[in-house]
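Below are the chains, spelled out letter by letter.
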Amino acid sequence: MTLSASSPVGIFDSGIGGLTVVKAIQALLPSERIIYFGDTARVPYGSKSQVTIRKYAQDDAGILMKHQPKMIIVACNTVSALALDVVEQVGKGIPVLGVLEAGAELAVQHSRNNRIGVIGTRATIESNAYSFAINALKPEIEVFSSACPLLVPLAEEGFIDHPAAGMIARDYLAELVGWGVDTLVLGCTHYPILKKMIGKITGPDIRIIDSAEAVAAKAKELLAENNLLNGSGAPVSPHLLVSDLPRKFRSLCRLFLGTDIPDVELVEV
């Protein structure tokens, strides 16, 4: 497959949380064409088995490959943790980036006391993938992880400043803050929606790593290295592919992208 600067950037997630990655890419690389697939029919992935997650990753990457992308970004931390190799096989040599590796790298760069906290879905946390990725870069770092399963539905309900969301997040984060981490990785693409609230709980001394922003920066670096940056000017709206159109879809798009619903196509998986 011939890659060119005008080819799209393919992004997929288990649902629509990965639209935080779309937003970060748009902010950093406004000229890039984006094809996004959200597997809204089979969300969530975080509670599924590894076998199922790997099968879904193969399906999702296959859907994006039909659009001949120049890069695939795995905006799902669960797939990044358990099935990145599957996406690389389907991609047949095109660059593949996972949010997990990008977030781990940025966390290592910013931690001063070698104590990093990670929050994510159960599957991501139980995989220990963040610990492995962080310790591969700097073995002396201690990683403290906490599964926060209720934060995804709270984000999707738009409970960004809701007292109930604050109570639950405070409960989840108390232990991590107590362990003296100086850096906290948001290991799920839904969590940037709640970043302000999380920051209020953790306080100014803990650096919050937004894996969506981290992977956008990594994508820019990789595209530039391969002479694949699209410099053709005018910003382009993303094209969204979904496997189901939930009733809340319009409000969720507004919440995650900050704009009204973009171009959406329903596809079968």
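First things first, this report covers the structure right here in the doc.

Analysis parameters
Residues numbered from 1 in each chain as written. Predicted model: local features only at pLDDT ≥ 70, side-chain atom pairs only at ≥ 80, totals over all residues. Heavy atoms only, no water. Helix = DSSP H or I, 4+ residues; strand = E, 2+ residues; numbered from the N terminus. Rg over C-alpha atoms; globule rule 2.2 N^0.38 Å. Buried < 20%, exposed > 50% of the residue type's maximum accessible area, 1.4 Å probe, protein only. Areas by Shrake-Rupley, 256 points an atom, 1.4 Å probe, with all protein chains shown as cover. Lys, Arg positive; Asp, Glu negative; His and termini not counted. Charge placed at Lys NZ, Arg CZ, Asp CG, Glu CD. Expected span 1.5 Å × (residues − 1). Arc of directions from axis to C-beta. Contact = heavy atoms within 4.5 Å. Pairing = 2+ DSSP bridges. Axes fitted to C-alpha atoms, helices over the stretch in contact; angles between N-to-C directions.

### Topic: the overall build of the protein chain
Scanning the protein chain from terminus to terminus reveals 12 helices and 10 strands. What you see for the protein chain is a C-alpha radius of gyration of 17 Å, in line with the 18 Å of a compact globule of 269 residues. Along the first, second and third principal axes, the C-alpha atoms of the protein chain reach 50 × 40 × 40 Å. Sorting the 269 residues of the protein chain into buried and exposed places 55% on the buried side. With an accessible surface of roughly 11,700 Å², the protein chain has 52% of that area assigned to carbon and sulfur atoms. Of the charged side chains in the protein chain, 24 are positive and 28 negative; the average position of the first set lies 3 Å away from that of the second.

### Thoughts on helix H5 (residues 99-110)
Over its 12 residues, H5 extends 17 Å from the first C-alpha to the last, a length consistent with the 16 Å expected when each residue adds 1.5 Å. Residues of H5 that are buried: Val-99, Leu-100, Ala-102, Gly-103, Ala-104, Ala-107 and Val-108.

### Section: helix H10 (residues 195-202)
Among all positions of H10, only Met-197, Ile-198, Ile-201 and Thr-202 are buried. Down the axis of H10, the smallest arc covering the buried residues is 130 degrees, so these residues share one side. Residues of H10 that are exposed and point over 90 degrees away from its buried face: Lys-196 and Lys-200. Where H10 is buried, its residues meet strand S5 (115-120), helix H9 (163-178), strand S7 (183-187) and strand S8 (207-210). One or two residues past the end of H10 sits Gly-203, with phi positive at roughly 90 degrees.

### Considering the side chain of Thr-78
Mapped onto the elements of the fold, Thr-78 is located in helix H3 (residues 77-82). When its relative accessible area of 3% is taken as the criterion, Thr-78 is described as buried. The residues touching Thr-78, leaving out its near neighbours within four places in the chain, are Tyr-45, Gly-46, Ile-53, Thr-121, Ala-123 and Thr-124.

### Brief notes about the sheet that holds S8
With parallel pairing, 4 strands are arranged side by side in an open sheet as S6-S5-S7-S8. Each edge of the open sheet is held by one strand with a lone partner, namely strand S6 (142-147) and S8. Between one strand and the next, the sheet's axes are offset by a mean angle of 20 degrees, whatever the strand orientation. The pairing of S5 with S6 spans 6 bridges and is parallel. In the sheet register, Ile-119 faces S6, and the bridge partner there is Ser-146. Against the sheet, H10 touches S5, S7 and S8, its axis set at about 155 degrees to S8. Contacts from helix H11 (residues 211-225) reach S7 and S8 within the one sheet, and its direction differs from that of S8 by about 60 degrees.

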